[in-house]
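Examining the three-dimensional arrangement
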Amino acid sequence: MIDPTLLVRQAVHEGITRIIASVAVFDTKDRVLLLRRAAGDALPGLWELPNGVVERGERPDQAALRELGEQTGLHGIELAGYAGSFDYPFNGTTTRQLVFSARLDTTDVALSPAHDAFTWRYADALPAVSRDVLGLIQCIAPPKPQLDPDEWQNTLPRWHVGANALVRDQNDRILIVRPGRSKTWQLPGGQVDAHETPPEAAVRELREETGLVLSAGPLIAISFEHPSPGWDHPTQILLFDLGTVDSTTVDLLALDPDIAEHRWVALDESIPLLGPARADRLHAGLTAVREGRPELITATIPEV
């Protein structure tokens, strides 16, 4: 293994003074250990490798093992080697995270209060991790072994699938709703239930959230979102065009007690109310209406 002290010297030479040491621990099935940050952390719900700050006079490999023991109760571990590093901004400076690797024949973990859950995952089914952690794990993880059908099915990532409804009025204003638990507005819609089709879900959610009973029109946008904190699986939202109504003659009524408000808004007014991810989906849907084909987009900022 490369001399760990050289890694510190290189970082200091480059002007980096905050160094994090971490361990990518793999089990006998080639799954990596991830810990989830507890509530109260700056980024609660984010999964990460066991890690911590390298203290003054401490070698990074020693710091990695110390933090691993403190955060997971795993002691007496021998590091297999140096896996790589990545840099990220922190409080106006740059932090370098050095990653070592290790192998274990146990999956028993005793978490510290800093984390509220742990998981062992294959590299193709990781929950909400940072892009840097994702890239490094995918580079160093062993190939996924051949699994029997039942075990293979259990390792597949779950998907959250939702359906939204685009409804406009005679002035081309857009109907949006606000759940009571949120300050952010959204297009009517929600989770696609088991044994329900996405168009059926769009119609049902619109009726529950606004009282409007409309038929589902064409699919106009498909929005894909990678796992994010709080949603540890990919999300796919399908947007359907449910046509236009006369806003002067319809009464909006929320059958769903979670909906606090309704509003008809012009496109430029809707953008700050919806937030980036939902606004991108709306733009894609309106483009599809004009061009006659659905738009596929990837949400880079998670919905809140």
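Residues numbered from 1 in each chain as written. Predicted model: local features only at pLDDT ≥ 70, side-chain atom pairs only at ≥ 80, totals over all residues. Heavy atoms only, no water.

Let's shift gears to the overall build of the protein chain. Of regular secondary structure, the protein chain possesses seven helices and 14 strands. Judged by the C-alpha coordinates and their principal axes, the protein chain covers about 75 × 50 × 35 Å. Here the protein chain, with 304 residues, has 47% of them falling under the buried criterion. When contacts within the protein chain are restricted to residue pairs at least 6 apart in sequence, long-range pairs at least 24 apart make up 68% of them. A total of about 15600 Å² of accessible surface is found on the protein chain, and carbon and sulfur atoms cover 52% of it. With 27 positive and 43 negative side-chain charges, the protein chain shows a separation of 3 Å between the mean positions of the two kinds. (Helix = DSSP H or I, 4+ residues; strand = E, 2+ residues; numbered from the N terminus. Buried < 20%, exposed > 50% of the residue type's maximum accessible area, 1.4 Å probe, protein only. Contact = heavy atoms within 4.5 Å. Areas by Shrake-Rupley, 256 points an atom, 1.4 Å probe, with all protein chains shown as cover. Lys, Arg positive; Asp, Glu negative; His and termini not counted. Charge placed at Lys NZ, Arg CZ, Asp CG, Glu CD.)

At a closest axis distance of 7 Å, the pairing of helix α6 (residues 267-274) and helix α7 (residues 276-291) adopts a crossing angle of 145 degrees. Along the contact surface, α6 presents L267, S270, I271 and L274, while α7 presents P276, R278, A279, L282, H283 and L286. For the contact of α6 with α7, a count of residues per class yields seven nonpolar, two polar and one charged. (Axes fitted to C-alpha atoms, helices over the stretch in contact; angles between N-to-C directions. Nonpolar A, V, L, I, M, F, W, Y, C, P; charged D, E, K, R; others polar.)

Inspection of every chain in the model, using the stated rule, returns three aromatic pairs. Residues W159 and F224 carry aromatic rings whose centres are separated by 5.3 Å and whose planes lie at 45 degrees to one another, so their mutual orientation is tilted. Placement of the pair is W159 in the loop between α4 (149-155) and β8 (160-169) and F224 in strand β11 (residues 219-225), with a sequence separation of 65 residues. If you follow R18 out to its NZ or CZ, it ends over the ring of F90, 3.7 Å from the centre. (Phe/Tyr/Trp six-rings, centres within 6.5 Å; stacked < 30°, edge-to-face > 60°. Lys NZ or Arg CZ within 6 Å of the ring centre and 35° of its normal.)

Consecutive residues of a regular strand have side chains that alternate between opposite faces of the sheet. Within strand β9 (residues 174-179), six of the six residues are buried, which leaves it mostly tucked inside the rest of the structure. The alternating pattern of β9 places I174, I176 and R178 on one face and L175, V177 and P179 on the opposite face, and all of these are buried. In this sheet, strand β13 (residues 259-265) lies alongside β9 in antiparallel orientation, the contact comprising six bridges. Note on β13: the bridge partner recorded for V177 is H262. (Pairing = 2+ DSSP bridges.)

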